[in-house]
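A structural walkthrough
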Amino acid sequence: MSRLSQITALAWLDARRNIRSKGIIFIIFIVPVLVWGAQLGILSLEVVEDTTMQNRDIYVINQDQPVGEVAMGTVFVTILNQSTYLNSSPAYGAHLQQPAIENVSNWGDYFLDHEMSPAIMIPANFTQLYLNYAQEGDPIPRVWIYLLPTDSSLQYDIEAIVSTITSNAPFSLYIVSRFVGTRYNLEVPEGEEVPSDIASWMTSFFLIYAALIAPMPLVTSSFARDNEKKTLESILAMPMSQFDILLGKFLGGAILLLGFSFMNIVGLFLYKYYMDFTHYYEKVNMLQIQITLPRVFFMFCSIYLTTLVALALGIAITSRMKEVRTAETTYNFVMLIPFAIIALSVLIMDPEPYNPIFLLPWPHSIAIIFKGMYPNSFLTNTMTGSYTGDIFIHIAFLLVYVFGSLSISAYLTGKGKLFSLGD
Amino acid sequence: MAVIKTNKLTKRFKDIVAYQDIDLQINQGEVFGLLGPNGAGKTTLIRTLLGLISPTSGSAEVFGIDIAKDIMSIRKRTSLLPQECQPYENLTARENIRLYGLIHGSKTKEEIDHKTEELIDLIGLRGRENDLTKEFSGGMKRKVLVARALVMDPDLVFLDEPTTGIDILGARTVRNLIAKMSKEMHKTIVLTTHDLNEVGELCDRVGIMVNGKLAAVGTADELEDHFKAAHLEEVFIALATGEGIDQFVTSQVGWD
């Protein structure tokens, strides 16, 4: 039999015995769905009062130039006006003011001087951009939101109003830009979109955190538990190299982590449809999740590969551990590194494409998942400028991590010293 | 023909000597009993012969192959039943046996499947082969482990205290299996045990290790004669307590 058959048999042995463990079943198949449910629970804490905008004036300046018979600016204003009468809308009860203003060079200064807040300005090229948009990378039609600093508390509400309109038909691609006062600008890259709320971010962060923790029982069962149960030695006495044993154990865990990644996608769909069904986006001011099958596939790949990196690192590092508790502690300690990198990335990934932080697999995973759900987010050009290109680089990085960690572990502890049972 | 041959084989863990200057020859088809008190170095010696631990000095050959040069070729023809080993509890008896055979990789899938069924009959687990081994008694688990050690049809089997921790009936079953392995399958077996009855019943020759040294080697009768002892137990106690080590030089009586 070939070397591959031996590795496959070892992987199959590990997968079969683990799949019959109730604890592992719970973590692999139930936890992902619970994580998505937990996110809904956390989001519910962010629900805003529906009456925030009641009796407020909203200033709308429509500068849009129709193209032929198409006038998307007017469509926008019409829907906005209708939404002020819908008590499920965040704009419910607001009074729309549409002053006729022309020839203003700096709208920020103008609104500040005239204390017109909140204000929505639809630029002249809105319809033109709407009609010209054909593919990713084309300029996206957008409206501008202006708020006086004293109204900054309305920021999420007004964004929710605009997002609700522009993320639904006939709009499907849109941009929300903020301008608070005259001195503060978020410097949103051209043609990009800012997530309206931290709630949008949570989804991808939660996923990656869960993906880092999920492999732990598989890591600890691969060597440390075998050592405790005295089942390891006869495997080590097999005619297999250290690397092949590590790889077999790794693949055994990888088979089960397919289930974890799949259940995350199931959780994503449940989450999305629950949000759609209950109009939760409006209540928590989130952008509407936009997913397509290819993007779901890429997200699946990203989650899966993230779990594989954690699994490979865990197996490589804990392969010498003789006790499960030691292995668990070590695994948790090692996973502090990606956790710290993710936390660091939150601080410095604010809208900056081509940020070197994305060279690291974990922030990149977050970016890819985020991008999968919010296709027009400012993370469009994380590395290559193309979502597909990013995915391939991401996969390459993660595979290097997986095989690199296993190879280094096999090399460092090799030559019969990997599992020094008599030490 | 010697299956195992060691020359001044020594293993030290820093200041601790696991075993020292082991000169041993085990021949084809022989059941060799390795005796010694706890910590005498028996298990470490077996692990060395399988390449799980590197010796500090000396050399060893298994099937005429230097263990330092081509351990994989040796492992392809050997199997190990480690001390205190358990089968995978979440696998059935059949899966435990079959998957081990497949991982070993020295036989085809068809051969392993055939051998698995043969061994299930041999160990008397027909009817329970699809049960998870966590539902098995200690004796039944040992049967599975012995079958697992045989599924790849090895030429040399290391059995490290195979009857420790199981009841009398379970031990009896395992002993019968070992006898069958030797007499019917003609395997070379290295058996470590603390049960001297087992040694008398199964082993062609015995080696007694004390404090890392091979204090005596011979058949049970030879050792009893030499020490003028009525039983092998007396020989063992004499050597383990330090009496007689110097008088009885390690020998390979009758097997050269």
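Not measured: the values here are computed from a predicted model.

With 30 residues of chain A at the interface, the matching set in chain B holds 35 residues. With a shortest N-O distance of 2.7 Å, A:E233 and B:R47 are connected by a salt bridge. Here chain A and chain B share 13 residue pairs in polar contact (both at pLDDT 80 or more) between them. The element best represented in the side of chain A that touches chain B is helix α1 (residues 3–19) of chain A, accounting for seven residues. Looking at side-chain class alone, the side of chain A that touches chain B contains 13 nonpolar, seven polar and ten charged residues.

The next subject is the sheet that holds strand β9 (residues 205–210) of chain B. Residue and element names in this part refer to chain B. Taken together, the six strands give an open sheet; going across it, the order is β6-β7-β8-β3-β9-β10, and neighbouring strands pair in mixed fashion. Because the sheet does not close on itself, it has two edges, and the strands there are β6 (78–81) and β10 (213–218). Pairs of neighbouring strands in the sheet enclose a mean axial angle of 15°, with direction left out of account. As paired strands, strand β3 (residues 31–35) and strand β8 (residues 188–192) are joined by four bridges and run parallel to one another. If you follow L34 over to β8, its bridge partner there is T192.

The relative placement of two packed helices is expressed as an angle between their axes plus a distance between the axes. All names here are of chain B. Packing of helix α3 (residues 93–104) against helix α5 (residues 138–150) leaves a shortest axis separation of 8 Å and a crossing angle of 25°. Compared by their axis directions, α3 and α5 come out roughly parallel. Seen along the crossing, α3 lies across α5 with a hand that is right-handed. For the pair α3 and α5, the contacting residues are A93, N96, I97 and Y100 in the first and V144, A147 and R148 in the second.

Residues and elements named next belong to chain B. For chain B, the mean per-residue pLDDT works out to 86, and 94% of the residues sit at or above 70. The secondary structure element of chain B with the lowest average pLDDT is helix α9 (residues 232–240), at 78, and the one with the highest is strand β5 (residues 65–66), at 94. Counting contacts from residues 245–256, a segment whose pLDDT is below 50, to residues more than four positions away or on other chains yields 28 contacts. ipTM for the predicted complex: 0.86, alongside a pTM of 0.75.

Now for the side chain of B:R175. Residues and elements named next belong to chain B. Here R175 shows up in helix α6 (residues 168–183). Given the relative accessible area of 10%, R175 is considered buried. Dropping the residues within four chain positions of it, R175 is found in contact with D195, E198, E201 and L202.

Further remarks concern the environment of A:R225. Residues and elements named next belong to chain A. Here R225 lies in helix α9 (residues 224–228). Residues R225 and N103, 122 residues apart in the sequence, show an inter-C-alpha distance of 74 Å. Excluding anything up to four places from it in sequence, R225 contacts P217, T220 and V324.

Basis of the calculations
Residues numbered from 1 in each chain as written. Chains lettered and ligands numbered in written order. Predicted model: local features only at pLDDT ≥ 70, side-chain atom pairs only at ≥ 80, totals over all residues. Heavy atoms only, no water. Contact = heavy atoms within 4.5 Å. Salt bridge = Lys/Arg side-chain N within 4 Å of Asp/Glu carboxyl O. Polar contact = N/O pair within 3.5 Å; in protein donor to acceptor, adjacent residues only side chain to side chain. Helix = DSSP H or I, 4+ residues; strand = E, 2+ residues; numbered from the N terminus. Nonpolar A, V, L, I, M, F, W, Y, C, P; charged D, E, K, R; others polar. Pairing = 2+ DSSP bridges. Axes fitted to C-alpha atoms, helices over the stretch in contact; angles between N-to-C directions. Parallel < 35°, antiparallel > 145°, perpendicular 65-115°, else oblique. Left-handed = near helix turned anticlockwise from the far one by under 90°. pLDDT = per-residue confidence, 0-100. Buried < 20%, exposed > 50% of the residue type's maximum accessible area, 1.4 Å probe, protein only.

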